[in-house]
Every structure is written in structure tokens, then in C-alpha cells.
Amino acid sequence: MPANSGPAASPLGRRLTIVATCVVSLALCCGLAWWQWDRFMSASGTFQNLGYVLQWPLFGLFPAFMFWRIKKLRERELAEQDAGEAPRGEPAAVTVPVPRPATPPRPAPAPAPAAEDDDELAAYNRYLRELHARDQQS
């Protein structure tokens, strides 16, 4: 069976499908808004429920907005094609050079002092040898 067959293939069938989708969406979301209003008016209702009362109708109108927006974009694209402009397809790949961040040069690490050059380290090592010797005698 071809992909364009069926009731939604004709312009009238497509429009009816879009209208039905929008009406069902709006009816369902208005029902949910009514349910949240009942919850808000109950003893355990909160202002969060009132927020949902305001949100659900907007959610219900969203499919209608999207279908309207797609229609306007298609009309604009057709008008641009009729005017002789190139159709908006895939945008050309543009390479943007990324500048390297300016970092100051790192100073070279100082060489580590030799064990015999550092008096503190030598004293600490002697202390550790003494502790080890005491531990061995015990």
C-alpha cells in the first residue's frame, strides 16, 4: 500500500485530522484543568492545584499553535522559492576558528633539593631511623 493513501492523504483529510487532534487535546486538557479546580476547591487543595488550572488549557492549545506555526513557516518557504531565492535546506558548514585562551607561561618547577641538602629532611629521616631502632629493640 502506498505511503500517501488513506483518509489523511487528501488535503481535507489532513485538515480534519489536525482539527480533531487539536479539539481532542483541548478537551482533554480542559477536563484536567476542571479536575485540578475541584482539587483546589477541596479542603486539601493548594495553590499548586490552582497553578495547574492555569497550565492545562495552555497545554491543550499547544498543538493548535504548533500546526499554525508549521503552516506559516511552509508558506514563508514557498514564498521565498517563488521569489527565486534558494530554498532553505541544510545550512552550509561554517568553520569558526576558536581562539586559544591567553594563558601566562607556567614557571619551570624548581628542582627538588637533594636529601642531604635539606637539613629538616635529614633531621626527620634520623628521627625515623631512631624510632625504627627503638621499635626493633622492644
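Since the model is a prediction, treat every value here as computed from it, not as a measurement.

What counts, and at which threshold
- Residues numbered from 1 in each chain as written.
- Predicted model: local features only at pLDDT ≥ 70, side-chain atom pairs only at ≥ 80, totals over all residues.
- Heavy atoms only, no water.
- Helix = DSSP H or I, 4+ residues; strand = E, 2+ residues; numbered from the N terminus.
- Buried < 20%, exposed > 50% of the residue type's maximum accessible area, 1.4 Å probe, protein only.
- Contact = heavy atoms within 4.5 Å.
- Expected span 1.5 Å × (residues − 1).
- 1 Å grid on protein atoms, 1.4 Å probe; cavity = no way out; pocket = protein on both sides within 12 Å on 5 of 7 lines; lining within 4 Å.
- Points joined across faces, edges and corners; volume = space filled by probe spheres on them.
- Phe/Tyr/Trp six-rings, centres within 6.5 Å; stacked < 30°, edge-to-face > 60°.
- Axes fitted to C-alpha atoms, helices over the stretch in contact; angles between N-to-C directions.
- Parallel < 35°, antiparallel > 145°, perpendicular 65-115°, else oblique.
- Nonpolar A, V, L, I, M, F, W, Y, C, P; charged D, E, K, R; others polar.
- Polar contact = N/O pair within 3.5 Å; in protein donor to acceptor, adjacent residues only side chain to side chain.
- Disulfide = S-S within 2.5 Å.

**Q** Whenever I open this one, the overall build of the protein chain confuses me. Can you help?
**A** Along the backbone of the protein chain there are 3 helices and 0 strands. Walking the protein chain from its N terminus toward its C terminus, one meets helices and strands in the order α-α-α. Considering the protein chain as a whole, with its 138 residues, one finds that 9% of them fall into the buried category. Put simply, 44% of the contacts in the protein chain that link residues at least 6 apart link residues at least 24 apart.

**Q** Can you walk me through helix α2 (residues 47-82) in this structure?
**A** An α-helix turns once per 3.6 residues; consequently, residues spaced three or four apart project the same way. Taking 1.5 Å as the rise per residue, α2 with 36 residues should run 52 Å; its terminal C-alpha atoms sit 52 Å apart, in good agreement. All buried positions along α2 are accounted for by N49, V53, G60, P63 and E80. Close packing links the buried residues of α2 with α1 (11-41). Following α2 by one or two positions, G84 has its phi on the positive side, about 95 degrees.

**Q** When you look at the layout of surface pockets in this model, what are you seeing that I'm missing?
**A** One way to see where empty space is left: roll a probe the size of a water molecule over the atoms. There is about 420 Å³ of room inside the largest pocket. If you trace the largest pocket, you find 14 residues lining it, with R14, R15, I18, K71 and R74 closest to the centre. Tallying contributions element by element places α2 first for the lining of the largest pocket, with 8 residues.

**Q** Would you explain the packing of aromatic side chains in this entry?
**A** The relative placement of two aromatic rings is captured by the distance of their centres and the angle of their planes. Tallied over the entire structure, the rule returns 5 aromatic pairs. Here F40 and F47 contribute two aromatic rings whose centre-to-centre distance is 5.9 Å and whose plane-to-plane angle is 50 degrees, an arrangement assigned as tilted. Measuring from centroid to centroid gives 6.0 Å for F65 and W68, while their planes differ by 35 degrees, and the two rings are tilted. With F65 and W68 both in helix α2 and 3 residues apart, this pair spans about one turn of that helix. Under the relative-accessibility criterion, F65 is labelled partly exposed at 42%. Chaining the aromatic ring pairs together yields one cluster made of W37, F40 and F47.

**Q** Got a minute to help me understand the packing of α1 against α2 in this structure?
**A** How two helices sit against one another is set out by the angle between their axes and by the gap between those axes. Running from N to C, α1 and α2 point in directions that differ by 170 degrees, and their axes come no closer than 6 Å. One finds that α1 runs roughly antiparallel with respect to α2. The residue makeup of the contact of α1 with α2, split by class, is 19 nonpolar, 5 polar and 3 charged.

**Q** Help me out: how do you make sense of the side chain of S25 in this one?
**A** When you line up the elements, S25 lands in helix α1. Engagement of the side chain of S25 in a polar contact is seen with the backbone oxygen of G60, the distance being 3.3 Å. When near neighbours in sequence (up to four residues on either side) are disregarded, S25 contacts F59, G60 and P63.

**Q** Explanation requested: the state of the cysteines in the structure shown.
**A** One covalent bond between the sulfur atoms of two cysteine residues makes up a disulfide. Here the structure, examined in full by the defined rule, presents 0 disulfides. For the unlinked cysteine C30, the closest cysteine sulfur is that of C29, found at 7.3 Å. For C30, a relative accessible area of 38% gives the class partly exposed.

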